[in-house]
Amino acid sequence: MSILYTTKTTATGGRDGSAKSEDGRLEVTLSTPKELGGNGAQGTNPEQLFGAGYSACFLGALKFVASQKKIKLSEETAVTATVGIGPREDGKGFGLDVALAVTLPGIEAGQARELVDAAHIVCPYSEATRSNLDVRISIN
């Protein structure tokens with residue numbers, strides 16, 4: 001694989017710490033949600049960051065696929081990622097649960113399904129999770 005872009009991000013303090021990119025464009029405070037035993041303080045968490053990354057990446061893949069097919073997407077096209085975390089059934093750690101809700105205004109249902117299926121093949125987040133997670137994708 002020919003690498004086109006590389007970035008570095010460092011986290012300190014774990015779920016109750018901070019994370020920052022080498023170039024300073026991303027700098028976030030991390031906090032553990034109450035549901036995971038934290039105090040629910042202001043801050044984000046790895047699941048929110050994963051959801052933001054996956055939804056943005058999937059939307060980029062959707063735009064790429066649409067452009068290849070000469071289809072213009074609405075400015076209101078959106079992808080919402082719902083990310084859950086919980087103990088794995090094998091009892092050996094934790095796993096993620098991911099659902100993507102794709103909003104494609106003005107696109108006919110059959111064509112929307114074709115675009116979403118193709119984007120799921122193109123998107124690197126989808127590729128990274130394939131065979132590891134059952135990512136459920138709905139079209140609104």
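Look above for the structure.
The notes below deal with the structure included here. Treat the numbers as computed from the prediction; the structure is a model and nothing was measured.

Each helix and strand in the chain was counted, giving 3 helices and 6 strands. If one aligns the C-alpha atoms of the chain with their principal axes, the spans along those axes are about 45 × 40 × 30 Å. Across the 140 residues of the chain, 31% fall into the buried class. Contacts spanning at least 24 positions in sequence make up 47% of the contacts within the chain whose residues lie at least 6 apart. Just so you have it, the chain exposes about 9200 Å², and 53% of that area is on carbon and sulfur atoms.

The next thing to look at is the packing of aromatic side chains. Each aromatic ring pair is specified by the distance between its two centres and by the angle formed by the two planes. Under the counting rule described, the total for this entry stands at 4 aromatic pairs. With 5.8 Å between their ring centres and 80 degrees between their planes, Phe 50 and Tyr 54 make a pair best called edge-to-face. Separated by 4 residues within a single helix, Phe 50 and Tyr 54 lie in helix α1 (residues 46–68), roughly one turn from each other. In textbook terms, an aromatic cluster arises when at least three aromatic residues are bridged by ring pairs, as seen for Phe 50, Tyr 54, Phe 58 and Tyr 125.

So, about the pairing of strand β2 (residues 18–21). Only one face of β2 is covered, namely the one carrying Ala 19 and Ser 21; the face carrying Ser 18 and Lys 20 has none of its residues buried. Examined bridge by bridge, strand β1 (residues 9–12) and β2 share 4 bridges and lie antiparallel to one another. Bridge pairing in β2 links Ala 11 to Ala 19. Two elements, β2 and strand β3 (residues 27–29), share 3 bridges in a ladder whose sense is antiparallel. Within β3, the position partnered with Lys 20 by the bridge is Glu 27. What sits between β2 and β3 in their antiparallel hairpin is a turn of 5 residues, with Gly 24 showing a positive phi close to 80 degrees.

Rules behind the numbers
- Residues numbered from 1 in each chain as written.
- Predicted model: local features only at pLDDT ≥ 70, side-chain atom pairs only at ≥ 80, totals over all residues.
- Heavy atoms only, no water.
- Helix = DSSP H or I, 4+ residues; strand = E, 2+ residues; numbered from the N terminus.
- Buried < 20%, exposed > 50% of the residue type's maximum accessible area, 1.4 Å probe, protein only.
- Contact = heavy atoms within 4.5 Å.
- Areas by Shrake-Rupley, 256 points an atom, 1.4 Å probe, with all protein chains shown as cover.
- Phe/Tyr/Trp six-rings, centres within 6.5 Å; stacked < 30°, edge-to-face > 60°.
- Pairing = 2+ DSSP bridges.

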